[in-house]
Amino acid sequence: MDNRPIGIFDSGVGGLSAVRALMRRCPNENILYLGDEARMPYGTRDRETLLRYAREDLAFVLRQDVKAVLVACGTVSAAALDDLRRECPVPILGVVEPAAAEAARATRNGKIAILGTGATTRSGAFPRAIRRIRPGAETLGVPCPMFVPLVENGYIRPGDPAATLFAEEYLAPVKAFGADVIILGCTHFPVLKATIGQLVPDTLLIDTSKSAVAALEDLLRGQDLLADNSGEPSQVYCVTGGKEGFEEVAERFLGDRFDHEVEVVSLS
Ligand code: DGL
């Protein structure tokens, strides 16, 4: 048993999809969240820059004495997790492997599409992880750059016309490919699940945050690191900028009133 917080970091507010999944699955856990709002988006950066940002994010959460780290950001998980894993003294998990494993198990026709940022699809991390489990699987990566600003600006109502327009465009190659499983490989995309789902009703949509949180729970249980249920769990939210915008969008992600203090921090 370990009551220290779990450190969760993301390029911005999107990682709150992982916080929501964690609060539902492991309600006793204390959470330390870092959103690097000042440098978001990560999905357009090159690998070298991403690795530098990811190392700074990790160093910050480790300074808060966390017992484990969840890299909620799809882009960092895809481009930098192997490096972070080598450098991290506590258990660390990204969103790629758990979602890839779930997709590889779930597909019936062996065709899996991955929706992500440009950096995520370029990295090839999801296809590699899927083929480790199911070598014959076919994959299609589709960069969906407009989904992130749409979510940030609140176009998230199921069937929202602007989100639907872009979803139709991004899903056209997925339909032609014939995927029966789609991985929502970016923190922001689970919020658009209903809009995306309406366009591909017979396809299984995998929420990377939920898969990662399930894997995190297994990992913590296996190492006897789950928190006990004494006392009210705490949530600490840190951002590198954009505090007001973070608070506003946070309610959309958590689907609830967001009444936590948000601290603006420097990573250096
Ligand atoms: N958090 C990023 C991800 O999950 C999306 C937003 C960004 O580009 O920074 O890939």
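Look up a bit, the structure's there.
Residues numbered from 1 in each chain as written. Predicted model: local features only at pLDDT ≥ 70, side-chain atom pairs only at ≥ 80, totals over all residues. Heavy atoms only, no water.

(A) Looking closely at the packing of aromatic side chains. Applying the stated criterion across every chain, the model contains nine aromatic pairs. Ring centres 5.3 Å apart and planes at 45° place the aromatic pair Y42 and Y53 in the tilted group. Of the two residues, Y42 sits in the loop between strand 2 (31-35) and helix 2 (47-63) while Y53 sits in helix 2, which places them eleven residues apart along the sequence. Taking relative accessible area as the criterion, Y53 reaches 8% and is therefore assigned buried. With 5.0 Å between their ring centres and 90° between their planes, F147 and Y170 make a pair best called edge-to-face. Highlighted residues: F147 in helix 7 (residues 147-152) and Y170 in helix 8 (residues 161-177), separated in sequence by 23 residues. A network of ring pairs unites the aromatic residues Y33, Y237, F246 and F258 as a single cluster. The ring of Y53 is capped by R39, whose NZ or CZ atom sits 3.9 Å from the centre of that ring. Of note, K111 hangs over the ring of F177, and the distance from its end group to the ring centre comes to 5.6 Å. (Phe/Tyr/Trp six-rings, centres within 6.5 Å; stacked < 30°, edge-to-face > 60°. Helix = DSSP H or I, 4+ residues; strand = E, 2+ residues; numbered from the N terminus. Buried < 20%, exposed > 50% of the residue type's maximum accessible area, 1.4 Å probe, protein only. Lys NZ or Arg CZ within 6 Å of the ring centre and 35° of its normal.)

(B) Region of the structure containing the site of the ligand. Around the ligand lies a shell of 14 residues, among which D10, S11, Y42, G74 and T75 are the nearest. Within the contact set of the ligand, an oxygen atom lies 2.8 Å away from a backbone nitrogen or oxygen of G43. Within the contact set of the ligand, an oxygen atom lies 2.5 Å away from a side-chain nitrogen or oxygen of T75. Its free accessible area being 300 Å², the ligand has 99% of it covered by the protein chains. Split by residue class, the shell around the ligand holds six nonpolar, seven polar and one charged. (Near = heavy atom within 4 Å. Polar contact = N/O pair within 3.5 Å; in protein donor to acceptor, adjacent residues only side chain to side chain. Areas by Shrake-Rupley, 256 points an atom, 1.4 Å probe, with all protein chains shown as cover. Nonpolar A, V, L, I, M, F, W, Y, C, P; charged D, E, K, R; others polar.)

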